[in-house]
Amino acid sequence: MNIQSVISSISLNGRNRRLALLLICLLLTFWTSPLAAQNDLDAPVAATVLRNANLRAGPGTNFAIVGSARAGDVVQIVGQNAAGNWYRLDTGAWIAAFLVRLEAEEPARPVAGVPVGAVAAQVVYVVDGDTIRVRLNGVEHSVRYILINAPESDQPFGPEATAANRRLVEGKTVYLLKDVSETDRYGRLLRYVFLADGTHVNAELVRQGYAQLATFPPDVSRLAEIRAAEQEARAAGRGLWGAESSDPSPTPTPSRGGGNPWPAYTCENDPSPPPNPACPIKGNISRNGKIYHMPGQRDYCRTVIDVRRGERWFCSPQEAEAAGWRAAR
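Source: prediction; values computed, not measured.

On to helix α3 (residues 158-169), then. The end-to-end C-alpha separation of α3 is 17 Å, in line with the 16 Å expected for twelve residues at 1.5 Å each. Buried within α3 we find Gly158, Ala161, Thr162, Ala164, Asn165, Leu168 and Val169. Viewed along the axis of α3, the buried residues span an arc of 160°, placing them on a single side of the element. Considering only its buried residues, α3 is in contact with β8 (119-126), β9 (131-136), β10 (139-145), β12 (173-177) and α4 (201-207). Positive phi appears at Gly171, one or two residues downstream of α3, with a value of about 75°.

If you want it as structure tokens, here you go:
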């Protein structure tokens, strides 16, 4: 039975019969269109883009271009059209199936240590010891490692921390895991970062002594792991905690009693311990301006340094004052 015979069997006058026929034709057109025939996958599947590609608003070249992906990008596929020749990404955009290679098609590789929910991304640039640039679904993002703080590039041990981060992640596919916050005040993604072999990059940098624990609630779900890594680095005297350092920064003036020039810098449960024990002066920024706190002063142990706000560490009062900070009263 064809559509015309169906319409003819309906008791309608000529005009209403034509309208009914038009409506059925429109419905059939939609039911057979690529947009109507979409299948969601049971779980997202990672895929690698084989060559530069346009991303479309729908499954076909007749749809508008809404973005692009570069060769080597790792994307997350969440659905496909009925024909299976277009994939829908987790961003809602579509990419032609022949332009990507599903991860399942690659030789098996160890991913057992990568937590559930981590999203694959391609590292395009290492900024410093705790920040990278990645390409995620065709878009570049800055990623700030959660729960750690490495010295800035122009601070003591900063170049070493950057080099260590580069050795771990440069040019690799990494897996990004969110805690609570999506981004920081600068728009950087806040993430735990993992390698395909399960290495937790955040913890590894701390374990090697190139970064220290830095807590910024509410993103603290892996606090115990990072704290244990720092304790291990301290006990082994690695990196920042080494007895000897290649640090070219000025050496603090020794105290009258000799020995440790900063005998009071270690605080019990210090929320913000110095990344380099030789440079423990805390350069804080508050409503009262830029103020530095010396070890042993009243507010030293409770002062938290947030380098994302421009706060920093100093090795001597002279260095702090030259940078524009004044002494705490």
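That covers the picture; the talk isn't over yet.
Burial of strand β5 (residues 86-89) is two-sided: the residues Trp86 and Arg88 facing one way and the residues Tyr87 and Leu89 facing the other way are all buried. Strand direction decides the pairing type here: strand β4 (residues 74-81) and β5, joined by three bridges, are antiparallel. The partner of Gln80 across the bridge, within β5, is Tyr87. Judged from the three bridges that link them, β5 and strand β6 (residues 94-96) form a sheet pairing that is antiparallel. Within the sheet, the bridge partner assigned to Trp86 lies in β6 and is Ala96. The hairpin turn running from β5 into β6, its antiparallel successor, is four residues long, and Gly92 in that turn takes a positive phi close to 100°.

Residues with a pLDDT of 70 or more make up 77% of the protein, whose mean pLDDT is 79. The secondary structure element of the protein with the lowest average pLDDT is helix α1 (residues 3-8), at 51, and the one with the highest is α4, at 97. Low pLDDT (under 50) marks residues 104-110, which in the prediction has seven contacts with non-local residues, meaning those over four places away or in another chain.

Here is what the cut-offs are and how they apply
- Residues numbered from 1 in each chain as written.
- Predicted model: local features only at pLDDT ≥ 70, side-chain atom pairs only at ≥ 80, totals over all residues.
- Heavy atoms only, no water.
- Helix = DSSP H or I, 4+ residues; strand = E, 2+ residues; numbered from the N terminus.
- Expected span 1.5 Å × (residues − 1).
- Buried < 20%, exposed > 50% of the residue type's maximum accessible area, 1.4 Å probe, protein only.
- Arc of directions from axis to C-beta.
- Contact = heavy atoms within 4.5 Å.
- Pairing = 2+ DSSP bridges.
- pLDDT = per-residue confidence, 0-100.

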